[in-house]
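What the coordinates show
Letter by letter, the chains look like this.
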Amino acid sequence: MNPSTPQTSAADAAIDLVPIALGERSYPILIGQGQALWQQAQAHFPAGSSAYIVSNERVAPLLAQALRQRLQPHYAKVETIVLPDGEVHKNWQVLNQIFDVLLAQGADRKTVLYALGGGVIGDMTGFAAACYMRGVPFVQVPTTLLAQVDSSVGGKTAINHPLGKNMIGAFYQPRLVVCDLDTLQTLPAAEYSAGLAEVIKYGPIYDMAFFDWLQEHMPELMARRTDALRHAIRRSCEIKAAVVSADETEAGLREILNFGHTFGHAIEAGMGYGQWLHGHAVAAGMVLATALSQRLGLAVQEDFAARLQALLQQARLPVQAPPLAADVAAGAQRYLELMRVDKKTQAGALRFVVLQQPGKAITQKVDDATVQALLLQALAQPGA
Ligand SMILES: NC(=O)c1ccc[n+]([C@@H]2O[C@H](COP(=O)([O-])OP(=O)(O)OC[C@H]3O[C@@H](n4cnc5c(N)ncnc54)[C@H](O)[C@@H]3O)[C@@H](O)[C@H]2O)c1
Ligand SMILES: O=C(O)C(=O)C[C@@H](O)[C@H](O)[C@H](O)COP(=O)(O)O
Ligand SMILES: [Zn+2]
């Protein structure tokens, strides 16, 4: 079957299972909705003495009680830890709140953590699970589109540092990922669009047939049509699973998942965490990374750059990076300074994920002068 062809028959009843093949750390991603999804999920719940649902002030009132009821038959004790909501809270202080509760309540090594929320909750809960008593199992229950197509999969866990995004963290795989499509219906529009940025990312880096499909089906995706959503989530997870299975700890290939992120993370940190949503920053970052690919003489035609921008705009995503300073020259310098701490940097040299051609990403060292020239042009001429 063409991997970019949506499943249409019995779409509601079927549960998609995308495996992540990582030897003894392998796990399934389940995608579906309703009772059928949770019936299948329970067969994969890790054994344990107690379960702690880690969520936040916005998601917990919507979804924690239902998850609690699903977990209760499987664990002697089920507790909920409610953190403050937002990227600005993805830090040491709030991470420590998880440890405070676990220790105060005598949570032992057989404790299982359930991350119920978006990427912020998933990244923090995963990091807490990696650290608590040197490692307890955790399950991802992603409730944003971004988390279902990207952050819940692959085991990158982290908190931010004022000097850089996701700077403190660990590779630590979940035991299970449960993507419940029903949760996406309450997601605010801007957050939904942010998730589409990471969906769109998979086209230019890996699969232009998927990009074509996204172009054709963006109106259905914007309407949150279940069939379209289900296909977009499944294909995104398949691509992420293939990349992560080949390179779990980002020794090489996995860097392609960072397309648009060198610029994007600079935007998030430079604007102040939470001012620009991660997906929005990545969208503007992908436009810059595409322009950089062209500047480097790679096989990226103007036609593709225009298609990418149009698709991002259809998904109500920004395509223009913010200035980060009062004038263009200072803004370009600020970007360079912020990007220097990127995790792909080697011996002080910036490295960017660029497109060798649409559908194939590579990482390339780029000298400061080239990046600066790009930024001077892009920040001076909106849309350039
Ligand atoms: N680990 C990875 O591989 C990876 C990949 C991509 C992004 N990330 C990280 O993920 C984070 C972004 O994740 P995000 O976009 O999910 O943001 P988020 O976690 O902040 O969630 C977005 C907002 O939606 C709310 N929300 C969540 N689910 C909801 C629901 N069902 N209904 C209503 N509101 C809901 C949240 O409370 C929050 O206010 C960033 O920190 C980014 O660095 C990590
Ligand atoms: O899974 C990956 O690998 C990614 O790079 C996915 C990105 O979408 C994600 O934002 C990730 O958290 C960025 O990782 P970082 O190592 O650049 O912090
Ligand atoms: Zn990302």
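Residues numbered from 1 in each chain as written. Chains lettered and ligands numbered in written order. Predicted model: local features only at pLDDT ≥ 70, side-chain atom pairs only at ≥ 80, totals over all residues.

1. Observations concerning the environment of V282
Mapped onto the elements, V282 comes out in helix 10 (residues 278-295). A tally of 29 C-beta atoms within 10 Å means that V282 is categorised as buried. Between the alpha carbons of V282 and R254 there is a distance of 16 Å; along the sequence they are 28 residues apart. If sequence neighbours within four positions are ignored, V282 has contacts with A197, E198, K201, G260, H261 and G264. (Helix = DSSP H or I, 4+ residues; strand = E, 2+ residues; numbered from the N terminus. Buried ≥ 20, exposed ≤ 12 C-beta atoms within 10 Å, placed from the backbone. Contact = placed C-beta atoms within 7 Å.)

2. Observations regarding the site of ligand 1
Close to ligand 1 lie 31 residues, the nearest being G118, G119, V120, T144 and S151. For the shell around ligand 1, the elements supplying multiple residues, two or more each, are helix 2 (59-71), helix 4 (119-131), helix 5 (145-151), helix 6 (189-206) and helix 10. Tallied by class, residues from the shell around ligand 1 come to eight nonpolar, 14 polar and nine charged. The residues that make up the shell around ligand 1 include at least three from each of domain 1 (16-184) and domain 2 (190-380). (Near = placed C-beta within 6 Å. Nonpolar A, V, L, I, M, F, W, Y, C, P; charged D, E, K, R; others polar. Domains from an automatic or database assignment.)

3. A look at the site of ligand 2
Residues in contact with ligand 2, as listed here, are D150, G154, K156, K165, N166, E198, E250, R254, L257, N258, H261 and K343. Tallied by class, residues from the shell around ligand 2 come to one nonpolar, four polar and seven charged. Formed jointly, the shell around ligand 2 draws a minimum of three residues from each of two domains, domain 1 (16-184) and domain 2 (190-380).

4. Overview of the nonpolar core
For soluble globular proteins, the rule of thumb is that nonpolar side chains tend to be buried together. Of all hydrophobic cores here, the largest spans 118 residues; its most connected members are V54, L113, Y114 and L116. Residues from two domains meet in this core; each of domain 1 (16-184) and domain 2 (190-380) gives at least three. Apart from residues lying up to four places away in sequence, V54 is in contact with I81, L83, I98, L113, Y114, A115, L116, I121 and T125. (Core = buried A, V, L, I, M, F, W, Y, C linked by C-beta atoms within 7 Å.)

5. Examining the domain arrangement of the chain
Each assigned domain of the chain is listed with its residue range as follows: domain 1 (16-184) and domain 2 (190-380). The distance between the C-alpha centroids of domain 1 and domain 2 comes to 26 Å. Contacts between the two partners involve 29 residues from domain 1 and, on the opposite side, 30 residues from domain 2. Listing elements by their share of the side of domain 1 that touches domain 2, those giving two or more residues are strand 1 (16-20), strand 2 (27-32), helix 5 and strand 8 (164-171). Of all the elements, helix 5 adds the most residues to the side of domain 1 that touches domain 2, at five residues.

6. A word on the sheet that holds strand 2
Reading across the sheet, the seven strands line up as 1-2-9-6-5-3-4 and stay open at both edges, with mixed pairing between neighbours. If you trace the sheet from one side to the other, it starts and ends with strand 1 and strand 4 (77-83), each paired once. On average, each strand axis in the sheet is inclined to that of its neighbour by 15°, with strand direction left out of account. Of the strand pairs in this sheet, strand 2 and strand 9 (residues 176-180) are connected by four bridges, and their pairing is parallel. Each bridged residue has a counterpart across the sheet, and for I31 the counterpart in strand 9 is C179. Across the sheet, helix 1 (residues 34-42) touches strand 2 and strand 9, and the angle it forms with strand 2 is around 170°. On top of the sheet, helix 8 (residues 226-246) reaches strand 1, strand 2 and strand 9; it is set at about 15° to strand 1, its chief contact. (Pairing = 2+ DSSP bridges. Axes fitted to C-alpha atoms, helices over the stretch in contact; angles between N-to-C directions.)

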